Amino acid sequence: RARSDLVLFLDDDVLVAPNLVEAHVSSQRTNGAGLIAGRVIQPWQEGVDFSDDGHFHFASTRPAWADQFIGCNFSINRLEALRLGGFDENFARVAYNFEAEFSYRWRRAGHRIYYEPATTIHHLKIPSGGTRTFGQHLFTARPDHSVGAYYFVLRTWQGWSSFGGLVWRPIRSVLTRHHLIRPWWIPLTLIGEIRGFLWAIKLAWRGPTLVCEQDERAIPAP
(Lines give C-alpha, C1' and ligand atoms only; values in the text may rest on other atoms or scores of the structure.)
Protein backbone atom coordinates (compact mmCIF):
# COMPACT_ATOMS: atom_id res chain seq x y z
CA ARG A 1 0.00 0.00 0.00
CA ALA A 2 3.00 2.28 0.25
CA ARG A 3 3.64 4.83 -2.48
CA SER A 4 7.22 5.86 -1.71
CA ASP A 5 10.16 4.43 -3.64
CA LEU A 6 11.67 3.34 -0.31
CA VAL A 7 9.87 1.61 2.54
CA LEU A 8 11.21 1.41 6.09
CA PHE A 9 10.15 -1.54 8.26
CA LEU A 10 10.34 -1.35 12.08
CA ASP A 11 8.98 -3.41 14.95
CA ASP A 12 6.54 -1.76 17.34
CA ASP A 13 8.70 -2.40 20.42
CA VAL A 14 11.80 -0.41 19.51
CA LEU A 15 13.53 2.84 20.40
CA VAL A 16 15.06 4.52 17.35
CA ALA A 17 18.10 6.73 16.93
CA PRO A 18 17.23 10.38 16.07
CA ASN A 19 18.82 10.09 12.61
CA LEU A 20 17.38 6.68 11.71
CA VAL A 21 15.42 7.73 8.62
CA GLU A 22 18.17 9.97 7.30
CA ALA A 23 20.75 7.19 7.76
CA HIS A 24 18.62 4.71 5.83
CA VAL A 25 18.02 7.15 2.97
CA SER A 26 21.68 8.12 2.80
CA SER A 27 22.84 4.51 2.72
CA GLN A 28 20.28 3.65 0.03
CA ARG A 29 21.62 6.48 -2.14
CA THR A 30 25.33 5.80 -1.69
CA ASN A 31 25.82 2.03 -2.10
CA GLY A 32 23.01 0.97 -4.44
CA ALA A 33 22.12 -2.16 -2.49
CA GLY A 34 18.35 -1.64 -2.55
CA LEU A 35 18.02 -3.34 0.85
CA ILE A 36 19.64 -1.79 3.91
CA ALA A 37 19.89 -3.97 7.00
CA GLY A 38 19.84 -1.79 10.11
CA ARG A 39 21.68 -2.14 13.38
CA VAL A 40 19.66 -3.90 16.11
CA ILE A 41 20.77 -3.71 19.73
CA GLN A 42 19.04 -6.39 21.80
CA PRO A 43 18.36 -5.92 25.54
CA TRP A 44 21.31 -8.14 26.54
CA GLN A 45 23.61 -6.09 24.29
CA GLU A 46 22.95 -2.72 25.87
CA GLY A 47 26.16 -1.00 26.95
CA VAL A 48 28.41 -3.52 25.20
CA ASP A 49 31.35 -2.16 23.19
CA PHE A 50 31.43 -3.93 19.81
CA SER A 51 34.09 -1.71 18.23
CA ASP A 52 36.76 -4.44 18.34
CA ASP A 53 34.57 -7.27 17.04
CA GLY A 54 36.14 -9.16 14.17
CA HIS A 55 32.99 -10.97 13.08
CA PHE A 56 29.71 -9.70 11.66
CA HIS A 57 26.50 -9.53 13.67
CA PHE A 58 23.52 -7.18 13.70
CA ALA A 59 24.79 -5.06 16.59
CA SER A 60 28.18 -4.55 14.96
CA THR A 61 29.59 -1.06 14.55
CA ARG A 62 31.21 -1.88 11.21
CA PRO A 63 29.37 -1.57 7.87
CA ALA A 64 29.43 -4.70 5.72
CA TRP A 65 27.76 -6.57 2.89
CA ALA A 66 25.38 -9.12 4.41
CA ASP A 67 23.46 -12.23 3.41
CA GLN A 68 20.34 -11.47 5.48
CA PHE A 69 18.57 -8.78 7.48
CA ILE A 70 16.41 -8.57 10.60
CA GLY A 71 12.77 -7.67 10.07
CA CYS A 72 12.62 -5.14 12.92
CA ASN A 73 14.86 -2.61 11.11
CA PHE A 74 15.43 -2.49 7.37
CA SER A 75 14.64 -0.34 4.36
CA ILE A 76 14.00 -1.61 0.86
CA ASN A 77 13.35 -0.50 -2.69
CA ARG A 78 9.60 -0.98 -2.94
CA LEU A 79 9.34 -1.73 -6.66
CA GLU A 80 12.12 -4.33 -6.62
CA ALA A 81 10.53 -6.01 -3.61
CA LEU A 82 7.15 -6.16 -5.36
CA ARG A 83 8.69 -7.60 -8.51
CA LEU A 84 9.94 -10.49 -6.38
CA GLY A 85 6.45 -10.99 -4.97
CA GLY A 86 7.08 -9.36 -1.62
CA PHE A 87 7.19 -11.50 1.49
CA ASP A 88 5.82 -15.02 1.40
CA GLU A 89 2.67 -14.98 3.53
CA ASN A 90 2.96 -18.73 4.06
CA PHE A 91 5.24 -17.81 6.94
CA ALA A 92 2.42 -18.05 9.44
CA ARG A 93 2.07 -17.27 13.15
CA VAL A 94 5.56 -16.44 14.49
CA ALA A 95 6.78 -16.31 10.85
CA TYR A 96 10.27 -17.39 11.86
CA ASN A 97 12.75 -17.13 8.94
CA PHE A 98 10.58 -15.03 6.63
CA GLU A 99 13.51 -12.60 6.31
CA ALA A 100 15.93 -15.40 5.43
CA GLU A 101 13.64 -16.71 2.68
CA PHE A 102 13.18 -13.25 1.18
CA SER A 103 16.95 -12.65 1.39
CA TYR A 104 17.44 -15.88 -0.55
CA ARG A 105 15.16 -14.70 -3.36
CA TRP A 106 16.60 -11.17 -3.25
CA ARG A 107 20.19 -12.35 -3.70
CA ARG A 108 19.25 -14.92 -6.35
CA ALA A 109 17.70 -12.07 -8.35
CA GLY A 110 21.10 -10.36 -8.36
CA HIS A 111 20.45 -7.82 -5.59
CA ARG A 112 22.65 -7.18 -2.58
CA ILE A 113 22.11 -6.42 1.12
CA TYR A 114 24.16 -3.78 2.92
CA TYR A 115 24.45 -3.57 6.68
CA GLU A 116 24.57 0.05 7.85
CA PRO A 117 25.37 0.50 11.58
CA ALA A 118 24.33 4.18 11.49
CA THR A 119 20.71 3.00 11.28
CA THR A 120 20.41 2.04 14.94
CA ILE A 121 17.42 0.83 16.93
CA HIS A 122 17.17 -0.60 20.45
CA HIS A 123 14.91 -3.66 20.45
CA LEU A 124 12.91 -3.82 23.69
CA LYS A 125 11.49 -7.36 23.26
CA ILE A 126 8.29 -6.54 25.12
CA PRO A 127 7.06 -9.82 26.70
CA SER A 128 3.49 -9.47 25.39
CA GLY A 129 2.06 -8.92 21.92
CA GLY A 130 3.67 -9.64 18.55
CA THR A 131 5.14 -13.10 18.20
CA ARG A 132 4.76 -13.59 21.97
CA THR A 133 1.01 -13.89 21.32
CA PHE A 134 1.68 -17.48 20.33
CA GLY A 135 3.28 -18.44 23.62
CA GLN A 136 6.78 -19.39 24.70
CA HIS A 137 8.28 -22.02 22.40
CA LEU A 138 9.83 -23.93 25.33
CA PHE A 139 6.44 -24.55 26.93
CA THR A 140 4.14 -25.59 24.10
CA ALA A 141 3.33 -28.39 21.70
CA ARG A 142 1.92 -25.89 19.20
CA PRO A 143 3.63 -25.70 15.78
CA ASP A 144 3.57 -21.89 15.64
CA HIS A 145 7.27 -21.47 16.45
CA SER A 146 8.65 -24.28 14.30
CA VAL A 147 6.67 -24.20 11.05
CA GLY A 148 8.62 -21.25 9.61
CA ALA A 149 11.99 -22.90 10.13
CA TYR A 150 10.93 -26.06 8.29
CA TYR A 151 9.15 -24.14 5.53
CA PHE A 152 12.26 -22.06 4.94
CA VAL A 153 14.40 -25.18 4.44
CA LEU A 154 11.86 -26.70 2.04
CA ARG A 155 11.57 -23.48 0.04
CA THR A 156 15.35 -23.03 -0.28
CA TRP A 157 16.32 -26.68 -0.65
CA GLN A 158 20.04 -27.18 -1.25
CA GLY A 159 20.53 -30.92 -1.12
CA TRP A 160 22.28 -32.65 1.75
CA SER A 161 22.88 -29.48 3.74
CA SER A 162 19.14 -28.82 3.81
CA PHE A 163 18.44 -32.44 4.70
CA GLY A 164 20.86 -32.12 7.59
CA GLY A 165 19.05 -28.99 8.73
CA LEU A 166 15.73 -30.85 8.82
CA VAL A 167 17.24 -33.68 10.85
CA TRP A 168 19.11 -31.41 13.25
CA ARG A 169 16.25 -28.98 13.95
CA PRO A 170 14.13 -31.22 16.27
CA ILE A 171 17.26 -32.46 18.06
CA ARG A 172 18.49 -28.94 18.66
CA SER A 173 15.07 -27.88 19.92
CA VAL A 174 15.43 -30.10 23.01
CA LEU A 175 19.16 -29.62 23.61
CA THR A 176 18.56 -26.74 25.98
CA ARG A 177 19.13 -26.06 29.66
CA HIS A 178 15.37 -25.74 30.01
CA HIS A 179 14.85 -29.32 28.83
CA LEU A 180 17.79 -30.60 30.87
CA ILE A 181 16.18 -29.25 34.05
CA ARG A 182 12.61 -30.08 33.00
CA PRO A 183 12.83 -33.19 30.78
CA TRP A 184 9.07 -33.72 30.94
CA TRP A 185 8.76 -30.92 28.36
CA ILE A 186 10.81 -32.84 25.77
CA PRO A 187 7.86 -34.90 24.37
CA LEU A 188 5.68 -31.78 24.02
CA THR A 189 8.45 -29.85 22.29
CA LEU A 190 9.02 -32.71 19.85
CA ILE A 191 5.29 -32.89 19.16
CA GLY A 192 5.37 -29.19 18.28
CA GLU A 193 8.33 -29.80 15.96
CA ILE A 194 6.59 -32.69 14.20
CA ARG A 195 3.41 -30.67 13.77
CA GLY A 196 5.42 -27.76 12.41
CA PHE A 197 7.20 -30.00 9.92
CA LEU A 198 3.96 -31.52 8.64
CA TRP A 199 2.40 -28.08 8.33
CA ALA A 200 5.47 -26.86 6.43
CA ILE A 201 5.21 -29.76 3.98
CA LYS A 202 1.60 -28.80 3.28
CA LEU A 203 2.55 -25.15 2.72
CA ALA A 204 5.50 -26.02 0.48
CA TRP A 205 3.34 -28.38 -1.57
CA ARG A 206 0.75 -25.62 -2.07
CA GLY A 207 3.43 -23.13 -3.11
CA PRO A 208 4.29 -19.61 -1.90
CA THR A 209 1.70 -16.91 -1.26
CA LEU A 210 3.15 -13.80 -2.89
CA VAL A 211 1.83 -10.37 -3.86
CA CYS A 212 1.97 -11.19 -7.57
CA GLU A 213 -0.35 -14.13 -7.02
CA GLN A 214 -2.85 -12.07 -5.04
CA ASP A 215 -3.09 -8.87 -7.09
CA GLU A 216 -1.05 -8.36 -10.24
CA ARG A 217 -2.10 -4.71 -10.30
CA ALA A 218 0.09 -4.10 -7.22
CA ILE A 219 3.26 -4.61 -9.25
CA PRO A 220 4.25 -1.82 -11.65
CA ALA A 221 5.60 -2.78 -15.04
CA PRO A 222 9.44 -2.81 -15.31
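Quick note: structure is the one above.
Residues numbered from 1 in each chain as written. Predicted model: local features only at pLDDT ≥ 70, side-chain atom pairs only at ≥ 80, totals over all residues. Heavy atoms only, no water.

A. Summary view of the environment of Glu116. Assignment of secondary structure puts Glu116 in strand 6 (residues 112–123). Judged by its relative accessible area of 16%, Glu116 is buried. Separated by 40 residues in sequence, Glu116 and Ile76 have C-alpha atoms that sit 13 Å apart. Here Ala118 takes part through its backbone nitrogen, which lies 3.0 Å from a polar atom of the side chain of Glu116. (Helix = DSSP H or I, 4+ residues; strand = E, 2+ residues; numbered from the N terminus. Buried < 20%, exposed > 50% of the residue type's maximum accessible area, 1.4 Å probe, protein only. Polar contact = N/O pair within 3.5 Å; in protein donor to acceptor, adjacent residues only side chain to side chain.)

B. Inspection of unusual backbone geometry at higher detail. Within the chain, Arg93 stands out as a residue other than glycine whose phi angle is a positive 55°. As for its position among the elements, Arg93 is in the loop between helix 2 (78–83) and helix 3 (98–108). Judged by its relative accessible area of 43%, Arg93 is partly exposed. Phi is positive for Lys125, which is not a glycine, with a value near 50°. Among the secondary structure elements, Lys125 is positioned in the loop between strand 6 and helix 4 (147–155).

C. The arrangement of the packing of aromatic side chains in detail. Throughout the structure, instances matching the rule amount to 16 aromatic pairs. Plain terms: the ring middles of Phe69 and Phe74 are 4.4 Å apart, the flat faces sit at 45° to each other, and that makes the pair tilted. With respect to class, Phe69 is no different from Phe74; both count as buried. Ring centres 5.3 Å apart and planes at 85° place the aromatic pair Phe87 and Phe98 in the edge-to-face group. Here Phe87, found in the loop between helix 2 and helix 3, pairs with Phe98, found in helix 3; they are eleven residues apart in sequence, far enough to count as distant. Here the aromatic residues Phe9, Phe69, Phe74, Phe87, Phe98, Phe102 and Trp106 are joined through ring pairs into a cluster of three or more. A cation over a ring is seen here: Arg112 above Trp65, with NZ or CZ 3.7 Å from the ring centre. The residue whose ring lies beneath Arg169 is Tyr150, and the NZ or CZ to ring-centre distance is 5.9 Å. (Phe/Tyr/Trp six-rings, centres within 6.5 Å; stacked < 30°, edge-to-face > 60°. Lys NZ or Arg CZ within 6 Å of the ring centre and 35° of its normal.)

Geometric descriptors of this kind do not, in isolation, establish any biological role.
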